[in-house]
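Now for the letters of each chain:
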Amino acid sequence: MPDIRHTPTAPTRAKVLAAGERIDAHRHDDHQIVYAGSGVLAVTTDAGTWFAPGNRAIWVPAGTVHAHRAHGHLDLHLVGLPADDNPLGLDAPTVLAVSPLLRELILVHTRDPADDSPERRRLLAVLRDQLRASPQQPLRLPTPADPRLAAVCALVHADPADSRTLAALGAATGAGERTLSRLFRAEFGMTFPQWRTQSRLYHALRLLAEDTPVTAVAHRCGWSSASAFIDVFRRSFGHTPGTHNRRTEQGGQPPRGG
């Protein structure tokens, strides 16, 4: 990431990003919670991309070089915490479930960053307690290091509807299926089908943020039918894709568990 901007203090504020708008690579000496009240937020580092719809937030540890991108109209809310205040004990970016209570705490806390009243400090203490209780979510697309793995990932990202097997993708990129299978587990900690599902869900969230119809999203992202897509989406996010935008804008209840 070239031209890395260093902003020592992570800001606490609300900001609107238009669809496709980016915040270029930067880092803070503080931790930061990044929450999208609407749309889909993508946070990218050298290690991968974390993505979060409106009932998820992304924890960005102090010192992490990261960039933001908006998918759909994004109501961005940023909460900065000092480097010695890590209620989650996490040293890598992580997606967290956001309960209706945590959502409201984030919205209120970012409404007037200049407010230093005792009431607002008490609100932040409750916000930190809610963060500790927030389940972590496996919504990440890791960056491949091995060029053979990178070539296969690029093919799938370019066309999420590509239904070729790992063996066929390997043949197209000059790598063996067993080698690629080993690389997926070694680098990503998941199988190829698990990774492809994550990739397809990321593309699906982006399309839903653009108000693409559910059936078209299912087709363009490689599911055999709209019902198959709906089933996977519901198991991943706790609600159907048809109600997704409305629920994220209203702070729908996320599922419990990892």
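Shown above is the structure to which this text applies.
A brief look at the structure comes next. (Residues numbered from 1 in each chain as written. Predicted model: local features only at pLDDT ≥ 70, side-chain atom pairs only at ≥ 80, totals over all residues. Heavy atoms only, no water.)

1. Focus: the sheet that holds strand β1 (residues 5-6)
Pairing within the open sheet is mixed, and its six strands lie in the order β1-β3-β8-β5-β6-β12. Two strands lie at the open edges of the sheet, namely β1 and β12 (140-142), each paired on one side alone. Inspection of the sheet shows strand β5 (residues 40-45) paired to strand β8 (residues 66-71) by five bridges, in the antiparallel sense. When the bridges of β8 are listed, V43 appears paired with H68. Where helix α6 (residues 192-209) meets the sheet, it contacts β5, β6 (48-52), β8 and β12, and its direction lies at approximately 125° from that of β12. (Pairing = 2+ DSSP bridges. Helix = DSSP H or I, 4+ residues; strand = E, 2+ residues; numbered from the N terminus. Contact = heavy atoms within 4.5 Å. Axes fitted to C-alpha atoms, helices over the stretch in contact; angles between N-to-C directions.)

2. Some remarks on the pairing of β5
The buried fraction of β5 amounts to five of the six residues, a majority that puts the element mostly inside the structure. Across five bridges, β5 lies against β6 in antiparallel orientation. Each bridged residue has a counterpart across the sheet, and for V43 the counterpart in β6 is W50. Linkage of β5 to β6, two consecutive antiparallel strands, is achieved through a turn of two residues. (Buried < 20%, exposed > 50% of the residue type's maximum accessible area, 1.4 Å probe, protein only.)

3. A few points about the packing of aromatic side chains
Applying the stated criterion across every chain yields a total of nine aromatic pairs. Here the aromatic rings of F229 and F233 are separated by 5.7 Å at their centres, their planes lie at 70°, and the arrangement is edge-to-face. Placement of the pair is F229 and F233 together in helix α8 (residues 226-237), with a separation of four residues, close to one helical turn. Accessibility assignment for this pair places F229 and F233 in one class, buried. Each residue in the set F184, F188, F192 and W195 is aromatic and connected to the rest through ring pairs, giving one cluster. (Phe/Tyr/Trp six-rings, centres within 6.5 Å; stacked < 30°, edge-to-face > 60°.)

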